[in-house]
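Analysis of the macromolecular model
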Amino acid sequence: MAKKERYAALADHVVEYLGGKDNISFFTHCVTRLRFNVKDKSIVQDKEIEKIEGVMGCQWVGDQLQIIIGQAVGDAYDLIAEKTGLAKQDAVAEDMGDAPKKKFSINTIFDAISGSITPLIDVLIGAGFVKIVLLLLEQFGLLTPEMPTYVVLNFVGDAGFYFLPVFIGAMAAKKFGASQGLGMLLGAMLIHPNFVAAVSGGQALDIFGLPIYAATYSSSVIPAILAVAVMAPVQRFFARISPDSVRSITEPFFTLVVMVPLTLCVLAPLGSFLGTYLSQAILWLYNTTGFFGVAVFACICPWVVMTGMHSSLMPYMLDALATGAEFIVLPGMIISNIDQGAACAAVALKTKNKQIRSTAASCAITAMVGGVTEPGMFGINLRFKTPMYGAMIGSFFGALVAGFGGAAAHAITGSAGLIGGLPVFLGGDIANLVWMVAGVVVGVIVTFIATYILYKPEAAEE
């Protein structure tokens, strides 16, 4: 607490000397300075601020007063925000030693995931619509994969999802109170080309003698969130024990010394480990219960996608298709994706909030038409919780119908929505497609009704 006590006087008087809270329009900090944007410079008592213990000086840059603190600026920033109620703009390492601990619950997990994803909705919707437009242009013969425009639009759309661990690293860091730069770095190392190439080539990797599990993490969500959640207290620890004079070096360096092996060897591989057992469990369930297994998989599919475990199912799918057709993953995933959109549509219809209605409607289109579920899943359904429950209920019954009819995919699709997903069921008897369409229709109807009943805008959006 000694570091914070050093800035107690600053926290007690800085707002007063800045002309009151009403005169402050923005409050943030950089590596060594507190930065206050003010409405009226003439009422700011900067000379009085310079006299406060811990302040090394002040300077004006336009209408922004920069108060020079030094390497411990994060401690001063946190204390001022805590005592004055000024809103934080970019969270940094903070001393949480005396903060009351929140009781852990399932809502804690929802809040952590949603808080890390919601700020990225624009990225996911934008990239999703690029993929949808590209898909439509290809279906109507206006573009082919060989055309330069197709190539550009394709990698632009893919970028929003491939680099998701990097985006997630930044937003999760803001959510958990850690350095956004370090959060991005943890996400970026999971998809670095050299790491991806080593995994693809079967090269054995280790760090400090600890073996690194070979897995791919592009488009994954949970590995980065989990890594940053653990990084936050680690960074706070090194911030607390680092001398002010070298904190800008020791804090990030030693945080990475701890987090790099922990992330690559333990935290990130959790999804892949779970995926291996999940694949075996799905096969056992289908072999034991038949079409009921398809329904169960469709129901839990959103959580499989969130953890990145769906990529571990690819070997099974390829093997199944090589021997005839695939009855579990693709039918369940396509129905689940479409139902994520149906849940968003129900929210759009029931909410009275114009912004939520607009977001939910666009998310419904991206999920149902193009099979791009991330915007709707994280921005609407998981955020408000009950729409996710509605989608899971609808997916269960929709997949139950498709599974009962033995609907099977005859090819891998890159777009698990209406346009890209249904055509892969054209192989074999036409009844195969009919049963899949029936499953989709049942899933959409049940999802919409369940979500419309469960979703309470007044409680969810307050």
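Relevant structure appears above.
It is a general feature of regular strands that their side chains alternate between the two faces of the sheet. Here strand β4 (residues 64-68) lies mainly inside the structure; 4 of its 5 residues are buried. In the sheet, strand β2 (residues 33-38) pairs with β4 via 5 bridges, with the strands oriented antiparallel. Across the sheet, residue Phe36 finds its bridge partner in β4, namely Leu65. Bridging between strand β3 (residues 57-61) and β4 involves 5 bridges; their strand directions are antiparallel. Residue pairing across strands places Trp60 opposite Leu65, the latter belonging to β4.

Take the sheet that holds β2 next. Strand order in this open sheet of 4 strands is β1-β2-β4-β3, and the pairing throughout is antiparallel. Across the chains shown, the open sheet's two edge strands, defined by having one partner strand only, are β1 (24-29) and β3. In this sheet, neighbouring strand axes are inclined to one another by 20 degrees on average, regardless of whether the strands run parallel or antiparallel. Packed on one face of the sheet, helix α4 (residues 73-84) meets β1 and β2 and runs near 145 degrees to β1.

Our focus in this paragraph is the side chain of Asn23. When you line up the elements, Asn23 lands in the loop between α2 (8-17) and β1. Exposure remark for Asn23: the relative accessible area of 5% places this residue in the buried category. One polar contact links the side chain of Asn23 to the main-chain carbonyl oxygen of Leu18, over a distance of 2.8 Å.

A few words on unusual backbone geometry. In the Ramachandran plot, Phe208 falls in the positive-phi region, its phi being about 55 degrees despite a non-glycine side chain. Its location among the elements puts Phe208 in the loop between β5 (205-207) and β6 (210-212). The backbone of Lys385 sits at a positive phi, close to 70 degrees, despite the residue not being glycine. Relative to the elements of secondary structure, Lys385 occurs in the loop between α18 (374-384) and α19 (386-404).

Two aromatic rings, taken as a pair, are described by how far apart their centres are and by the angle between their planes. Per the stated rule, a full pass over the model turns up 14 aromatic pairs. Between the aromatic rings of Phe237 and Phe238, the centroid separation amounts to 5.2 Å while the plane-to-plane angle is 70 degrees, which identifies the pairing as edge-to-face. Under the relative-accessibility criterion, Phe238 is labelled buried at 14%. Ring geometry for Phe291 against Phe404: centres 5.4 Å apart, planes inclined by 90 degrees, an arrangement best described as edge-to-face. Of the two residues, Phe291 is situated in helix α14 (residues 291-307) and Phe404 in helix α19; the sequence distance between them amounts to 113 residues. The exposure class assigned to Phe404 is exposed, which follows from its relative accessible area of 57%. For Lys41, the ring lying beneath its charged end belongs to Trp60, and the centroid distance is 5.0 Å.

We now examine α19. Taking 1.5 Å as the rise per residue, α19 with 19 residues should run 27 Å; its terminal C-alpha atoms sit 27 Å apart, in good agreement. Along α19, the residues classified as buried are Pro387, Met388, Gly390, Ala391, Met392, Gly394, Ser395, Phe396, Gly398, Ala399, Ala402 and Gly403. A positive phi of about 70 degrees marks Gly406, the residue just after α19.

Summed over all chains, the structure comprises 4 salt bridges. Between Lys83 and Asp12 there is a salt bridge; the shortest N-O distance is 3.2 Å. In this pair, Lys83 sits in helix α4 while Asp12 sits in helix α2, placing the two residues 71 residues apart along the sequence. Overall, Lys83 belongs to the partly exposed group, its relative accessible area being 43%. Take Asp12: its relative accessible area is 47%, and that puts it in the partly exposed class. Salt-bridge contacts for Glu251 lead to Arg247; the nearest nitrogen and oxygen are separated by 2.8 Å. Taken as a pair, Glu251 and Arg247 lie in helix α12 (residues 247-267) at a separation of 4 residues, close to a single helical turn. When salt bridges that share partners are traced, they join Asp75, Arg247 and Glu251 into one network.

Time to look at the packing of helix α9 (residues 180-190) against α12. Two elements in contact, α9 and α12, have axes whose closest approach is 11 Å; the angle formed by their N-to-C orientations is 35 degrees. You can see that α9 and α12 cross each other, and the crossing is right-handed. Here Leu182, Leu185, Leu186, Met189 and Leu190 of α9 lie close against α12, whose contacting residues are Pro252, Thr255, Leu256, Met259, Val260, Thr263 and Leu264. Split into classes, the residues belonging to the contact of α9 with α12 amount to 10 nonpolar, 2 polar and no charged.

In this structure, Ile52 sits in the loop between α3 (46-50) and β3. Separated by 38 residues in sequence, Ile52 and Val14 have C-alpha atoms that sit 8.9 Å apart. Discounting chain neighbours no more than four positions away, the residues touching Ile52 are Ala9, Leu10, His13 and Tyr17.

A one-sided burial pattern is seen for β2, the buried positions being Leu34, Phe36 and Val38 and the unburied ones Arg33, Arg35 and Asn37. Pairing between β1 and β2: 5 bridges, direction antiparallel. Bridge pairing links His29 to Leu34 in β2.

All right, on to helix α11 (residues 222-241) then. Taking 1.5 Å as the rise per residue, α11 with 20 residues should run 28 Å; its terminal C-alpha atoms sit 29 Å apart, in good agreement. The axis of α11 is deflected most strongly, by about 25 degrees, at Met231, and proline Pro233 appears within four residues downstream. Along α11, the positions that sit buried rather than exposed are Pro223, Ala224, Ile225, Ala227, Val228, Met231, Ala232, Val234, Gln235, Arg236, Phe238 and Ala239.

Right, let's talk about the packing of helix α8 (residues 164-176) against α11 for a bit. Interaxial distance between α8 and α11 falls to 9 Å at its minimum, and their mutual angle equals 40 degrees. As far as their axial angle goes, α11 and α8 are oblique. α11 is crossed by α8, and the crossing has right-handed handedness. Counting all contacts with α8, which are made through Pro165, Ile168, Gly169, Ala172, Ala173 and Phe176, the residues of α11 involved are Ala224, Ile225, Val228, Ala229, Ala232 and Arg236. Residue composition of the contact of α8 with α11, by class: 10 nonpolar, 1 polar and 1 charged.

Reading the values: the criteria
All chains use their own residue numbering, which begins from 1 and follows the written sequence. For a predicted model such as this one, the threshold for reporting local features is a pLDDT of at least 70, and the threshold for listing and counting side-chain atom pairs is 80 or more; totals across whole chains, interfaces and linings nevertheless cover every residue. Processing note: side-chain calculations cover all non-hydrogen atoms of the structure and skip hydrogens and water entirely. For every residue, the accessible area obtained with a 1.4 Å probe (protein chains only) is divided by the maximum for its type, and the residue is called buried under 20%, exposed over 50%, and partly exposed between those limits. Runs of E in the DSSP output that reach at least two residues are strands. Runs of H or I that reach at least four are helices, and both are numbered from the N terminus. At least two DSSP bridges between two strands are needed for those strands to be called paired. Simply put, an axis is a line fit to the C-alpha atoms, just over the touching stretch for a helix, and the angle between two N-to-C directions goes from 0 to 180 degrees. Contacts are assigned to residue pairs with any non-hydrogen atoms lying within 4.5 Å of each other. As used in this structure description, the phrase polar contact means that two N or O atoms lie within 3.5 Å; if the pair is within protein, one of them must be able to donate a hydrogen and the other to accept it, and residues adjacent in sequence are counted only when both atoms belong to side chains. Two rings from Phe, Tyr or Trp (for Trp, the six-membered ring) form a pair when their centres sit within 6.5 Å of each other. Planes less than 30 degrees apart are called stacked, planes more than 60 degrees apart edge-to-face, and all others tilted. We call a charge positioned over a ring when the NZ of a Lys or the CZ of an Arg lies within 6 Å of the ring centre and within 35 degrees of the ring normal. Expected helix span is given by 1.5 Å per residue-to-residue step, counting one fewer step than there are residues. For salt bridges, the criterion is a side-chain nitrogen of Lys or Arg within 4 Å of an Asp or Glu carboxyl oxygen. By the definition used in this description, the sense in which the near helix is turned from the far one sets the handedness, with an anticlockwise turn below a right angle giving left-handed and a clockwise turn giving right-handed. Here the term charged refers only to Asp, Glu, Lys and Arg, the term nonpolar to Ala, Val, Leu, Ile, Met, Phe, Trp, Tyr, Cys and Pro, and the term polar to all other amino acids, Gly among them. Fitting one axis to the seven residues ending at a residue and another to the seven starting there, the bend at that residue is the angle between the two axes. What sets the label is the angle itself: under 35 degrees gives roughly parallel, over 145 gives roughly antiparallel, 65 to 115 gives roughly perpendicular, and the rest give oblique.

Read these as layout, nothing more, since geometry by itself doesn't imply function.
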